[in-house]
Amino acid sequence: MEFTEAYKQAGPCAFSPNSRFLAVAVDYRLVIRDVLTFKVVQLFSCLDKITYIEWALDSEYILCGLYRRPMIQAWSLAQPEWTCKIDEGSAGISYARWSPDSRHILTTSDFQLRLTVWSLLNTACVHVQGPKHGSKGVSFTKDGKFAAICTRRDCKDYVNLLPCHSWEIMGVFAVDTLDLADIQWSPDDSAIVIWDSPLEYKVLIYSPDGRCLSKYQAYECGLGVKSVSWSPCSQFLAVGSYDQMIRVLNHLTWKVFAEFTHLSTVRGPCGAAIFKEVDEPLQLDMSELSLSDDFVQRSADGVSETHIQVRYDVMEVPITLPSQKPPADKPNPKQGIGLMSWSSDSQYICTRNDNMPTVLWIWEVHHLELAAILIQKDPIRAAVWDPKYPRLLLCTGSTHLYMWTPSGAYCINVPFPQFSVIDLKWNLDGSCLLLKDKEFFCCAALPMLQESSDYSSDD
């Protein structure tokens, strides 16, 4: 694995959709770097500290959210002198996003008063009153032709369908939710999934014309859905719940065909490989060295440093996994499936049960079995799949990077002292992985999956 040098950052970082550029926020400056050379190709100065950035799908434009103002600024890579500023005045801006055509910006005002569609081609704008959420509740079809926007009025949730060329509401239908949490189009644009707030376990599948195809409720009288994710192939819908289970629905009958339970004790028979991160102190044998008395005295007076390396040990079942019991008297308990992500080939799904924050589970969906368990020393911050291969990278806020493939698991040292990896992002073509520290970032290039067997825990 090859690493670039470390560069300064002070905010969000994002790869462009065409995989050619990397945008980095450094306070009020937006730095655009070339992904191949990491040279600065553009530098834009905003009016305040950048708290959010998002590329347009054509990679020509990029918007910056200055939510302390609140204000949006947009820039063009092709025309550096061009700029756009959106200010909603007293209404404020809580969130902004691009439309799929890269020529409209959607902003949500504070307190969800309205959602506004701003055109970059002319001065026209369209308002949708009463959006349900600020950053959630909006989903676009993969072909970019339609948008589904959730609204609420008269204590009832609705879905508004709009074509992205005219932004005129073409259809509205009510949904059977108490307090709609979010909405997602399926990757093949054939269905829409909607789920209720954690207080009511309810998952609803709708057709684009508003017909309810299925209504799923696993249980009552308990905290419900925590995470929902479509498989890239659109054939599976995974639902993670507060009861520490994942239920996978199929796209033909919308019935559950797999249930994956996250138990604190794993017993046999179990075909999964269980990897546990352990310390491996590096001991230096200095008995054969001839040292002066002065050097020995200075060494004794100072504090000796121990270099720590880590590796994975393969564990046997039965094994008890580290877990914690959330307090019953506090809201939003750290329990249930808080992290869930599909591999690009829809064969694997990784999960983190939030009351076992140091444990990552990897499930093999086609065979309906547990493939691997990774037990880390520290809570898992992020886990991201390679866009091309069934290869998973994760970080825990330590100075190491961790990788899993079907052939095994590996610990990788980041070659910078005190570089604590707190977030990971892949370039869309899989050519580059961004590692983010609190103040710096670097990128890494990974070999093709066939070569992954060459790794060892000491790499």
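Reading the values: the criteria
Residues numbered from 1 in each chain as written. Predicted model: local features only at pLDDT ≥ 70, side-chain atom pairs only at ≥ 80, totals over all residues. Heavy atoms only, no water. Helix = DSSP H or I, 4+ residues; strand = E, 2+ residues; numbered from the N terminus. Rg over C-alpha atoms; globule rule 2.2 N^0.38 Å. Buried < 20%, exposed > 50% of the residue type's maximum accessible area, 1.4 Å probe, protein only. Contact = heavy atoms within 4.5 Å. Areas by Shrake-Rupley, 256 points an atom, 1.4 Å probe, with all protein chains shown as cover. Lys, Arg positive; Asp, Glu negative; His and termini not counted. Charge placed at Lys NZ, Arg CZ, Asp CG, Glu CD. Pairing = 2+ DSSP bridges. Axes fitted to C-alpha atoms, helices over the stretch in contact; angles between N-to-C directions. pLDDT = per-residue confidence, 0-100. Polar contact = N/O pair within 3.5 Å; in protein donor to acceptor, adjacent residues only side chain to side chain. Phe/Tyr/Trp six-rings, centres within 6.5 Å; stacked < 30°, edge-to-face > 60°. Lys NZ or Arg CZ within 6 Å of the ring centre and 35° of its normal. Core = buried A, V, L, I, M, F, W, Y, C linked by side-chain atoms within 4.5 Å. Salt bridge = Lys/Arg side-chain N within 4 Å of Asp/Glu carboxyl O.

Per an unreviewed UniProt entry, the protein carries the name Transducin/WD40 repeat-like superfamily protein and comes from Forsythia ovata.

A.B. asks: Can you walk me through the overall build of the protein in this structure?
C.D. replies: For the protein, the helix and strand inventory stands at one helix and 41 strands. Scaling as 2.2 N^0.38, a compact globule of 459 residues should have a C-alpha radius of gyration of about 23 Å, and the protein matches this with 25 Å. Dimensions along the principal axes, computed over C-alpha positions, put the protein at roughly 85 × 60 × 45 Å. For the protein, buried positions account for 52% of its 459 residues. In the protein, 45% of the contacts between residues at least 6 apart in sequence involve partners at least 24 apart. For the protein, the accessible surface area stands at approximately 21600 Å², while carbon and sulfur atoms represent 51% of it. Charged side chains in the protein number 40 positive and 54 negative. The centres of these two groups are separated by 7 Å.

A.B. asks: So what exactly am I meant to see when it comes to the sheet that holds strand E12 (residues 104-108) here?
C.D. replies: Whenever strands of a sheet pair, they do so through backbone hydrogen bonds, lying parallel or antiparallel. The sheet built from four strands is open, its strands ordered E11-E12-E13-E14 with antiparallel pairing. With one partner strand each, in any of the chains shown, strand E11 (95-98) and strand E14 (125-129) form the two edges of the open sheet. Each strand axis lies, on average, 20° off the axis of its neighbour in the sheet, ignoring direction. The pairing of E11 with E12 spans four bridges and is antiparallel. Paired with Arg97 across the bridge in E12 is Leu106.

A.B. asks: Please explain the sheet that holds strand E26 (residues 256-261) as it appears in this structure.
C.D. replies: Judged by pairing direction, the sheet is antiparallel, and its four strands sit side by side in the order E23-E24-E25-E26 without closing on themselves. Edge positions in the sheet fall to strand E23 (225-230) and E26, since each of these pairs with one other strand and no more. Averaged over all neighbouring strand pairs, the angle between strand axes comes to 20°, with direction disregarded. Pairing of strand E25 (residues 245-250) with E26 involves five bridges; the strand directions are antiparallel. Directly across from Ile246, in E26, lies its bridge partner Phe260.

A.B. asks: Can you help me understand the confidence of the model for the protein in this one?
C.D. replies: Low pLDDT marks stretches whose predicted atomic positions should not be read closely. For the protein, per-residue confidence averages 92 on the pLDDT scale, and 92% of positions sit at 70 or higher. Of the regions scoring below 50 in pLDDT, residues 298-306 engages in one contact with residues more than four places distant in sequence or in other chains. Within the model, the stretch residues 451-459 combines pLDDT values under 50 with 21 contacts to residues more than four positions away or in other chains.

A.B. asks: So what exactly am I meant to see when it comes to the pairing of E23 here?
C.D. replies: Within E23, five of the six residues are buried, leaving the element largely enclosed by the surrounding structure. As paired strands, E23 and strand E24 (residues 236-241) are joined by five bridges and run antiparallel to one another. By the bridge assignment for E24, Trp230 is matched with Leu237. Between the antiparallel neighbours E23 and E24 lie five residues, among them Ser234 with a positive phi of about 70°.

A.B. asks: Help me understand the side chain of Asp157 in this model?
C.D. replies: If you trace the backbone, Asp157 turns up in strand E17 (residues 156-163). Looking at Asp157, its side chain comes within polar contact range of the side chain of Arg152, at 2.6 Å. There is a polar contact of 2.9 Å between the side chain of Asp157 and the backbone nitrogen of Leu180. If we skip the residues at most four places from it in the chain, Asp157 touches Lys132, Thr151, Arg152, Ala174, Val175, Thr177, Leu178, Asp179 and Leu180.

A.B. asks: Would you mind showing me how to read the packing of aromatic side chains here?
C.D. replies: Think of a pair of aromatic rings as described by two things: how far the centres are apart, and how the planes are tilted against each other in angle. Across all of its chains, the model carries 22 aromatic pairs by this definition. Here Tyr61 and Trp98 contribute two aromatic rings whose centre-to-centre distance is 6.1 Å and whose plane-to-plane angle is 40°, an arrangement assigned as tilted. Remark: Trp98 occurs in strand E11 and Tyr61 occurs in strand E8 (residues 61-66); sequence separation between them is 37 residues. Given the relative accessible area of 4%, Trp98 is considered buried. A network of ring pairs unites the aromatic residues Tyr7, Phe38 and Phe441 as a single cluster. The ring of Phe440 carries the charged tip of Lys8 above its face, separated from the ring centre by 5.9 Å. Taking NZ or CZ as reference, Arg29 lies 5.2 Å from the ring centre of Tyr28, over its face.

A.B. asks: Sorry if this is basic, but what is going on with the nonpolar core here?
C.D. replies: Counting residues in hydrophobic clusters, the biggest one holds 23 residues, and the most contacted among them are Leu321, Trp361 and Ile373. Those residues in contact with Ile373, other than ones at most four positions away along the chain, are Val266, Ala273, Ile274, Phe275, Leu321, Val359, Leu360 and Trp361.

A.B. asks: What is the right way to look at the pairing of strand E22 (residues 212-216) in this model?
C.D. replies: Regular strands place side chains that alternate from one sheet face to the opposite one. Here strand E21 (residues 203-206) runs beside E22; their pairing, made up of four bridges, is antiparallel. Directly across from Leu204, in E22, lies its bridge partner Lys215. Hairpin connection from E21 to E22: five residues lie between these consecutive antiparallel strands, with Gly210 at a positive phi of about 95°.

A.B. asks: Just to check I follow, could you spell out the environment of Met245 for this structure?
C.D. replies: Along the chain, Met245 turns up in strand E25. Considered as a pair, Met245 and Thr351 are 106 residues apart in the sequence and their alpha carbons are 9.9 Å apart. What Met245 contacts, discounting residues up to four positions off in sequence, is Val239, Gly240, Glu259, Phe260, Thr261, His262 and Ile337.

A.B. asks: What is the right way to look at unusual backbone geometry in this model?
C.D. replies: Across residues other than glycine, the phi torsion is negative in most instances, and most of the peptide bonds are trans. Here the residue pair Arg69 and Pro70 is connected by a cis peptide bond, since its omega of -5° sits within 30 degrees of zero. Structurally, the position occupied by Pro70 is in the loop between E8 and strand E9 (71-76). For the bond running from Val317 to Pro318, omega is 0°, close enough to zero to count as cis. In this structure, Pro318 sits in the loop between strand E29 (307-315) and strand E30 (319-320). Of note, Cys155 is a non-glycine position whose phi angle comes to about 60°, a positive value.

A.B. asks: Looking at this model, I keep getting lost on the pattern of salt bridges. Mind explaining?
C.D. replies: Where charged atoms from two side chains of opposite charge approach closely, those side chains can pair. Tallied over the full model, the rule gives 19 salt bridges. A salt bridge links Asp279 to Lys377, with the shortest nitrogen-to-oxygen separation between them at 2.4 Å. Residue Asp279 is located in strand E28 (residues 273-282), and its partner Lys377 is located in the loop between strand E34 (369-375) and strand E35 (382-385); the two are separated by 98 residues in the primary sequence. Put simply, Arg391 and Asp386 hold a salt bridge, and the shortest N to O gap is 2.8 Å. Considered together, Arg391 and Asp386 belong to a single accessibility category, that of buried residues.

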